[in-house]
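Listed below are the residues making up each chain.
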Amino acid sequence: MLFDPRPKSSRKELFDREKQLEALDRSIGKPLILVLGIRRIGKSSLLLSFLENWKGVYIDLRGVRNTADLYRKISEGLTGSLAKLRDVIKGISGVKIAGVEVTLKWRGVDSISLPRLIEQLTKKQTVVFVLDEIQELRPPLSFELKNTIAYAYDNLPNCTFVLSGSQIGLLKDFVGVDNPESPLFGRYYTEVRVERFTKEQSREFLQRGFGELKQSVERSVIEKGVALFDGIPGWLVHYGMSYVERKNYDEILEIAINTARNELLKLNQREKQVAKAIANGAKSWSSVRKLIEEKSGEIIPKSTLTRTIKALEKLSIIQDYRFLDPVYQLAAKLL
Ligand SMILES: Nc1ncnc2c1ncn2[C@@H]1O[C@H](COP(=O)(O)OP(=O)(O)O)[C@@H](O)[C@H]1O
Ligand SMILES: [Mg+2]
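Caption draft 1: Expanded view of the site of ligand 1. As a structural note, the neighbourhood of ligand 1 is formed by 22 residues, with R6, K8, K43, S44 and S45 the closest of them. Contact between ligand 1 and K8: an oxygen atom at 2.4 Å from a side-chain N or O atom of the residue. Here ligand 1 has 550 Å² of accessible area as a free molecule, and 92% of this is covered by the chains. Two domains share the shell around ligand 1, each providing at least three of its residues, namely domain 1 (18–193) and domain 2 (199–247).

The following block contains the structure:
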């Protein structure tokens, strides 16, 4: 069902994205691929659907704070791949299969390290490791994982890593191929971008979604959704699904803005100020500064402002003084 809020996990369910699937399929065997796109654009859906045709492990790294979290997420990933990888997983010491669940032992006797796990899994076959929202990892876990990827890059030929994240600048920093301090310095990677739908695609997406639910809606309902959500599938799903339940455009928009606002509340005070100024129309460095200083009555240091704008860009919230997501812009006005 197109209006399902969960990520799609099969190519049949996936709307469009043929180009990206083709690029990913072609890249199997290459060591490192980056899949980039803003939040709700459909990265996880693309990645899960891509794995349908391959032996792979999908690891969702959101919320990982410590080693136990990390190994739990890897265990969940392996559990999800059990149908395809049972024979290999069965023989690895430090890895247990209990019913339909895989568990890892990462400390003490009979434990397994990450490099060794990957080595064992890829001994006789190519395996794709998808690490979703990897930029959220903090040191020392981020180092551990980067070192593992670098080791695999150099030594394990049957290994393809796909790294994905919504905060594109931070993801690129995480990989750090331009940074001599990074374990992945100088490594080549393939980049796949997940872009927003065109207006025509958004229209078709909504029409098809309503069609599946046997809802006949007026053309204006479709057009409003197309105009407002700027081809971001996650919002289109929210719109379609909520419209079926509520039929109230203003209410639907309000819920979306609230969701976005809660996400923006994680920003620090300066970032909020800058986001708000840009949401209110500041289109240059000096107009952002003017607006903030007028509002707050305090002088904002030049270097602080520059740094904050850069931070918002790295988070993929703005680019060139424009919001990448129109709902975020509406929400930022309320900060
Ligand atoms: N190509 C697509 N076809 C159908 N639904 C999609 C597509 N891309 C995204 N969606 C839907 O949009 C929402 C957000 O997608 P998700 O894959 O979680 O995005 P991301 O991982 O980029 O944040 C989900 O409800 C998902 O089902
Ligand atoms: Mg995702």
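Back to the write-up after that little detour.
Caption draft 2: Representation of the domain arrangement of the chain in the model. Annotation of the chain at the domain level lists domain 1 (18–193), domain 2 (199–247) and domain 3 (268–332). With centres defined by C-alpha atoms, the gap from domain 2 to domain 3 works out at 31 Å. Taken residue by residue, the interface counts 5 residues in domain 2 and 4 residues in domain 3. Of all residues in domain 2, L228, I232 and W235 bury the most surface against domain 3, accounting for 79% of the area lost on that side. Our count for the domain 2 to domain 3 interface comes out at 0 salt bridges. Among the residues making up the side of domain 2 that touches domain 3, the classes are represented as 4 nonpolar, no polar and 1 charged.

The rules we used
Residues numbered from 1 in each chain as written. Chains lettered and ligands numbered in written order. Predicted model: local features only at pLDDT ≥ 70, side-chain atom pairs only at ≥ 80, totals over all residues. Heavy atoms only, no water. Near = heavy atom within 4 Å. Polar contact = N/O pair within 3.5 Å; in protein donor to acceptor, adjacent residues only side chain to side chain. Areas by Shrake-Rupley, 256 points an atom, 1.4 Å probe, with all protein chains shown as cover. Domains from an automatic or database assignment. Contact = heavy atoms within 4.5 Å. Buried area = accessible area lost by both parts, 1.4 Å probe. Salt bridge = Lys/Arg side-chain N within 4 Å of Asp/Glu carboxyl O. Nonpolar A, V, L, I, M, F, W, Y, C, P; charged D, E, K, R; others polar.

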